[in-house]
Amino acid sequence: MSVSVLLVDDQPLVRAGLRMILESASDMSVVGEASDPREASRETRSLIPDVVLMDLMDGPNGTRAIHGVLEGVRPLGHGVRVLALGSHALESHLHGALRAGASGFLSKDTPPEDLVSAVRVVAEGGAVLPPLLLHRLLDEFVPMLPSDQPQGRRPQDPLSGREREVLRLLARGWSNAEIAAHLFVGATTVKSHVGSILTKLGLRDRVQAVIHAYETGLVRPGERHANHR
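Residues numbered from 1 in each chain as written. Predicted model: local features only at pLDDT ≥ 70, side-chain atom pairs only at ≥ 80, totals over all residues. Heavy atoms only, no water.

**Student:** I'd like a description of the environment of arginine 38, backed by residues and values.
**Tutor:** Examined against the element boundaries, arginine 38 turns out to sit in helix H2 (residues 37-47). Separated by 30 residues in sequence, arginine 38 and glycine 68 have C-alpha atoms that sit 8.4 Å apart. (Helix = DSSP H or I, 4+ residues; strand = E, 2+ residues; numbered from the N terminus.)

**Student:** Just give me the short version of the pairing of strand E4 (residues 81-86), but keep the residues and values in it.
**Tutor:** For E4, the buried fraction is high: five of the six residues fall into the buried class. The sheet contact formed by strand E3 (residues 51-55) and E4 spans five bridges and is parallel. Looking at E4, one finds that aspartate 55 is bridged to leucine 85. With four bridges connecting them, E4 and strand E5 (residues 104-107) associate as parallel partners. Bridged to alanine 84 within E5 is phenylalanine 105. (Buried < 20%, exposed > 50% of the residue type's maximum accessible area, 1.4 Å probe, protein only. Pairing = 2+ DSSP bridges.)

**Student:** I'd like a rundown of the packing of helix H1 (residues 12-23) against helix H5 (residues 112-123), residues and numbers included.
**Tutor:** Between H1 and H5, the shortest axis-to-axis distance is 9 Å and the interhelical angle comes to 75°. Accordingly, the angle class assigned to the pair H1 and H5 is roughly perpendicular. Across from Leu18, Ile21 and Leu22 in H1, the residues of H5 making contact are Pro112, Leu115, Val116 and Val119. Residues of the contact of H1 with H5, tallied by class, amount to seven nonpolar, no polar and no charged. (Axes fitted to C-alpha atoms, helices over the stretch in contact; angles between N-to-C directions. Parallel < 35°, antiparallel > 145°, perpendicular 65-115°, else oblique. Contact = heavy atoms within 4.5 Å. Nonpolar A, V, L, I, M, F, W, Y, C, P; charged D, E, K, R; others polar.)

**Student:** Can you break down the confidence of the model for the protein chain residue by residue, with the values?
**Tutor:** Per-chain confidence: the protein chain averages 80 in pLDDT, with 76% of residues scoring 70 or above. Every residue in residues 148-153 is under pLDDT 50, and counting partners more than four places away or in other chains gives 13 contacts. (pLDDT = per-residue confidence, 0-100.)

**Student:** Quick rundown of helix H9 (residues 187-201)? Include the residues and the values.
**Tutor:** Its 15 residues place the ends of H9 21 Å apart at the C-alpha level, agreeing with the 21 Å of an ideal helix rising 1.5 Å per residue. For H9, the full list of buried residues reads Val190, His193, Val194, Ile197, Leu198 and Leu201. Down the axis of H9, the sector holding all buried residues measures 135°, keeping them to one side. Pointing more than 90 degrees away from the buried face of H9 are the exposed residues Thr188, Lys191 and Thr199. Just beyond H9, the residue with positive phi is glycine 202, at close to 65°. (Expected span 1.5 Å × (residues − 1). Arc of directions from axis to C-beta.)

**Student:** So what about the side chain of threonine 44? Which residues, and what values?
**Tutor:** Tracing the backbone through its elements, the reader meets threonine 44 in helix H2. Not counting residues within four places of it along the chain, the set of residues in contact with threonine 44 comprises Leu6, Pro49, Val52, Val69, Val73 and Val80.

**Student:** For the pattern of salt bridges, give the residues involved together with the corresponding values.
**Tutor:** If charged atoms from side chains of opposite charge come close, those side chains can pair. Evaluated as defined, the whole model comprises eight salt bridges. For glutamate 33, the salt bridge is made with arginine 15, and the minimal N-O distance between the two is 2.8 Å. Within this pair, whereas glutamate 33 is found in strand E2 (residues 28-34), its partner arginine 15 is found in helix H1, the two being separated by 18 residues in sequence. Relative accessible area serves as the criterion here: at 13%, arginine 15 is assigned to the buried category. Among the salt bridges present, the one from lysine 200 reaches glutamate 163, with a minimum N-O distance of 2.9 Å. (Salt bridge = Lys/Arg side-chain N within 4 Å of Asp/Glu carboxyl O.)

If you want it as structure tokens, here you go:
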């Protein structure tokens, strides 16, 4: 099935770039565009897209826009999902966006293939969060998880030694390029390892992989994006 997307950004060139990226995927369809929160709410009620890809704009106003978009369709029984876009400078507004009902957040420098993947995840009912924010949340809540598993490995762990190393670095917030440089392999090799990890563990995405790494003790609370060797 095709995933229908509404683009919300006040810059036409940004919307054009997002449209080009999304429509390069065979299962994506951009059904409309909006340049401001009021137009976004109106277009969402009219088009009922699967996902609203929305710029956080100026933080609090972007959060209110998300709330307005969702409140306009939820009483009608429509499961529209919002994926927020922004810069790292706007991370302070993420909690507000999530409280308003956003299913996740992506930085505007996210690689195109990761953007397409994130839209799919959100359309299927999943959530997408930047690794560093996820780590801050996990650092707070992971101590409450059961600790009866041996560190770094569950019984019948299907991962190879190299895959466990890739998972450990991924869970610490490293990008594929950083992992490749650290392990002296190509980025495509790392991408292949990540795909194999998700398949073997029955996980949907990198967020679930991070949670799995914490649950199994492969990564401990406090091990953030520290790639200084």
